[in-house]
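Working through the structure, step by step
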Amino acid sequence: MSGVSRRTFLRMAAVSAASAAATTLFPGIVFGEWVHSDHDSSDVQWNKTPCRFCGVGCGLLVGIAGGRAVAVKGDPDSPVNKGLCCVKGYHSVQALYGKDRLKKALVRKNGTLVETPIAEALDLVANTMASTIKEHGKDAVSVYGSGQWTIPDGYVASKFLKGGIGTNNLEANARLCMASAVTGFLTSFGLDEPMGCYEDIDHADVFVLWGNNMAEMHPVLFSRLLDRRRKKKGVVIIDLATRTTRTSHAADKSILFKPQTDLAIANAICQVLVENNWVNHSFVQQHVSFKAGKTDIGYGLEDDFTFKDEARAVDLQDFQAFLADYTPEKVAAYSGVSADDIRYLAALYGDPARKVVSYWCMGMNQHTRGTWINNLVYNIHLLVGKISQPGNGPFSLTGQPSACGTVREVGTLTHKLPHGVVMNEDDRRMAAEIWKVPFERIPAKPTHHTVSMFRALDRGDIRFMWIQVTNPMVTMPKLKRYRDGAKKEGRFIVVSDVYPTPTTDIADVILPSAMWFEREGMFGNSERRTQHFNQLVAPPGDAMSDTWQLIEVARRMGYGDLFPWSYDDHIREIWREYGRFHDSPKHAMAPYEVLRQAPGAIWPFVNGRSTKWRYNAAYDPAASPGSDFDFYGKPDHRAWIWLRPYEPPPEIPDAAYPFWLNTGRVVEHWHTGSMTRRIPTLHRAAPAAYVEIHPHDAERLGIRNGESVRLVSRRGEIIVAAVLDGRGQPTVGQVFVPFFDESKLINELTLDAYCPISKQPDYKKCAVRVEKV
């Protein structure tokens, strides 16, 4: 497939989805009604909006007729996707019209959810929140949001909780998908988010995909890689992964490694770079410092687990000595990657004539040493000086439309503020001034990250949780503990969503939310691009935006002075207030009026221009004049190379549980499938979860394709159909299960171990056994 063009690749994906055989619909979900031709094409008005079904931020043109979204196509003016969409984007508007769409508020009365006027439901939420605070304290209430939150959603949530109530009990599901990318950027560069942009694809000669099935998870961007290879001779795509996927088949070379050993492989690449004198010594001497941190740092399995890293200064000689344990031959012995392949990778990075981009997503981030592996890939780029230039750089992709714009930039995490962190007095004073609240109201100490928050709910330290735009009763690792905890006596759960889910099943109040076509807002994508979208159609019934739900409750609780805006202008006014937090060349945001007219703007937006490459003085106005590179996020204006060792995961296969379990996504469905499984074409293409098993393991266990097998871990078990030689193939001794199917809750088996620095759980590695049913 090495010669496939990007358009052909996407057409193949769409045909694959459309032609798959239908099976029995999953009970509990009512699949979408869709009208194809009720309107003449001349009646259709086309409107621009970003897609929400990943973090790429593709531009869509949505056709509106008769008050309904009736058609969709890619926006040719979008610099992100240039008119292309993936199969989810091409079917995205159908997600609005599922027959079981939540249109009215529901309140649990005598154990049964009953339709309730929206005002009454909002009263109940506000009163219960207030009474919980009065009885148990302000840290007994919490809000758990999402990377699907718009920027205004997250901003209002942060202001309400931290500036109004005075609690840092605010988290978001992006903690589960990109927190290690955040801490990797912060520890290496002092500031979050990639330094480059998607335009790097148009300049690069080599693409190294670190544990990233980009063909399925980011197919539009992957199509751009294929197009780059088609147009320029010598462009190479390397798939470095733990299982064979569609990305492997399209790549020029696929290299499979054993789980967790990416840490050792990255160090081995650095060892070869140093040994062969492929280091860009001038760049390193001018722009790099060397640091070492703590080791043997634990896995977060205990409820009272705490960790704080400490950086100490080392030098290049210390780094060389550290790398002695990571020669290609030593690493090959336990990674499964040959010494020749390690040297080949190092040669690609070390060749001064080749521009190299590294891409990754969940494979590196959902990792008990997620911060470390992010650091180690940055180390490679820093050693050779291939960073912050067109076609050269490391790039962490995201899976949600505003994991960057909302969770990372607005700061909807327990330790964050819209600019800075709660632990910093100056940052708290800035927030207090902009929000017009007493400085003392904003707590200086973080409370709970996501796993800790759900553990606190289980213990009873948290009594009230408002969940918006996410489905944690499918996505939390070690799921049974946290589902049982949410159902305990004395807990009150509010859920804002658009469809029934396993999370609404445990709710005391369900609030119907507007989808992104049904309200105004902004998303921020993986390349720091902020995209505005208008309301295109009216929300059904009593559904309203998550922003306005939060404002309604805050006003009922006496915080109306924090939210003085009218409904008609609240998005504009929120954006203007939020922009005050980023009023500097390092993070300036485009004005509201610019965002309304343009297909997005990349921050820092300075003097009317997007900054495409940060830290490079040729492109970045925040860089010091007279320098070539200025890593101004760090006090010494240098990027940091970290000495981070290989350490094993907390649970590995043994005689009782001899298989690795890996979990992830498929191209047809987005995350837990609560929207995409209601789109008939996508559901027919991938109607149920399955387990990929290597044919050798299946033969040994007497398992045939399509037969049911039982997967068992130390935490739970599920029965699921076996797939041999499907779209992906794990290595011998490994199985893979996607998590989109709420009837097959694979996270009942996963382990809630996490990276001690980022607090992000590892969904890619735990031990299971496979039993024929």
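Residues numbered from 1 in each chain as written. Predicted model: local features only at pLDDT ≥ 70, side-chain atom pairs only at ≥ 80, totals over all residues. Heavy atoms only, no water.

A few points about the pattern of salt bridges
Going through the model one piece at a time under the given rule, you end up with 57 salt bridges. Where aspartate 741 meets arginine 677, a salt bridge forms, and the shortest distance between an N and an O atom there is 3.7 Å. Of this pair, aspartate 741 sits in the loop between β30 (734-738) and β31 (766-772) while arginine 677 sits in the loop between β25 (659-664) and α24 (680-685), placing them 64 residues apart in sequence. Among the residues examined, arginine 677 registers a relative accessible area of 1% and is labelled buried. We note a salt bridge from aspartate 697 to arginine 700, for which the minimum N-O separation is 3.2 Å. Of the two residues, aspartate 697 and arginine 700 are both situated in helix α25 (residues 695-701); the distance of three residues between them amounts to about one turn of the helix. By relative accessible area, aspartate 697 is classed as buried at 3%. Within the structure, one salt-bridge network assembled from shared partners comprises Asp303, Arg455, Asp458, Arg459, Asp461, Arg481, Lys488 and Asp752. (Salt bridge = Lys/Arg side-chain N within 4 Å of Asp/Glu carboxyl O. Helix = DSSP H or I, 4+ residues; strand = E, 2+ residues; numbered from the N terminus. Buried < 20%, exposed > 50% of the residue type's maximum accessible area, 1.4 Å probe, protein only.)

A few points about the confidence of the model for the protein chain
In the predicted model, the protein chain carries a mean pLDDT of 94, and the fraction of residues at 70 or more is 95%. Residue range residues 1-37 is modelled with pLDDT below 50. Its contacts to residues more than four positions away, or to other chains, number 80 contacts. (pLDDT = per-residue confidence, 0-100. Contact = heavy atoms within 4.5 Å.)

Considering the sheet that holds strand β2 (residues 59-65)
Pairing between the strands of a sheet comes from backbone hydrogen bonds, and it takes one of two forms, parallel or antiparallel. Pairing is antiparallel across the open sheet formed by three strands, whose spatial order is β1-β2-β3. Both outer strands of the open sheet, β1 (45-50) and β3 (68-74), are each paired with one neighbouring strand and no more. On average, each strand axis in the sheet is tilted by 35 degrees relative to the strand beside it, whichever way the strands run. Both β2 and β3 contribute to a ladder of six bridges, which runs antiparallel. Looking at β3, one finds that alanine 65 is bridged to arginine 68. (Pairing = 2+ DSSP bridges. Axes fitted to C-alpha atoms, helices over the stretch in contact; angles between N-to-C directions.)

A look at the domain arrangement of the protein chain
Assigned domains of the protein chain: these are domain 1 (1-32), domain 2 (46-97), domain 3 (105-177 + 401-564), domain 4 (180-395) and domain 5 (659-750). Computed over C-alpha atoms, the centres of domain 2 and domain 4 are 33 Å apart. Buried surface at the junction of domain 2 and domain 4, both sides included, amounts to about 710 Å², of which 64% is carbon and sulfur. Among the residues domain 2 hides against domain 4, the three largest losses belong to Val56, Val80 and Lys82. Together they make up 50% of the total. (Domains from an automatic or database assignment. Buried area = accessible area lost by both parts, 1.4 Å probe.)

Topic: the packing of aromatic side chains
The full count for this structure, using the stated rule, is 36 aromatic pairs. For the ring pair phenylalanine 189 and tyrosine 378, a centre distance of 5.0 Å and an interplane angle of 65 degrees mean the geometry is edge-to-face. Pair noted here: phenylalanine 189 is in helix α5 (residues 179-189) and tyrosine 378 is in helix α15 (residues 370-384), with a separation of 189 residues, a long-range link. Of the two residues, phenylalanine 189 and tyrosine 378, neither departs from the other in class, the shared state being buried. On the numbers, 5.9 Å between centres and 55 degrees between planes, the contact of tryptophan 640 with tryptophan 642 is tilted. Among the aromatic residues, ring-to-ring pairing joins Phe185, Phe189, Phe283, Trp360, Tyr378, Tyr615, Phe629, Phe631 and Tyr632 into one connected group. Between arginine 68 and the ring centre of tyrosine 97, over which it is positioned, the NZ or CZ distance is 4.0 Å. (Phe/Tyr/Trp six-rings, centres within 6.5 Å; stacked < 30°, edge-to-face > 60°. Lys NZ or Arg CZ within 6 Å of the ring centre and 35° of its normal.)

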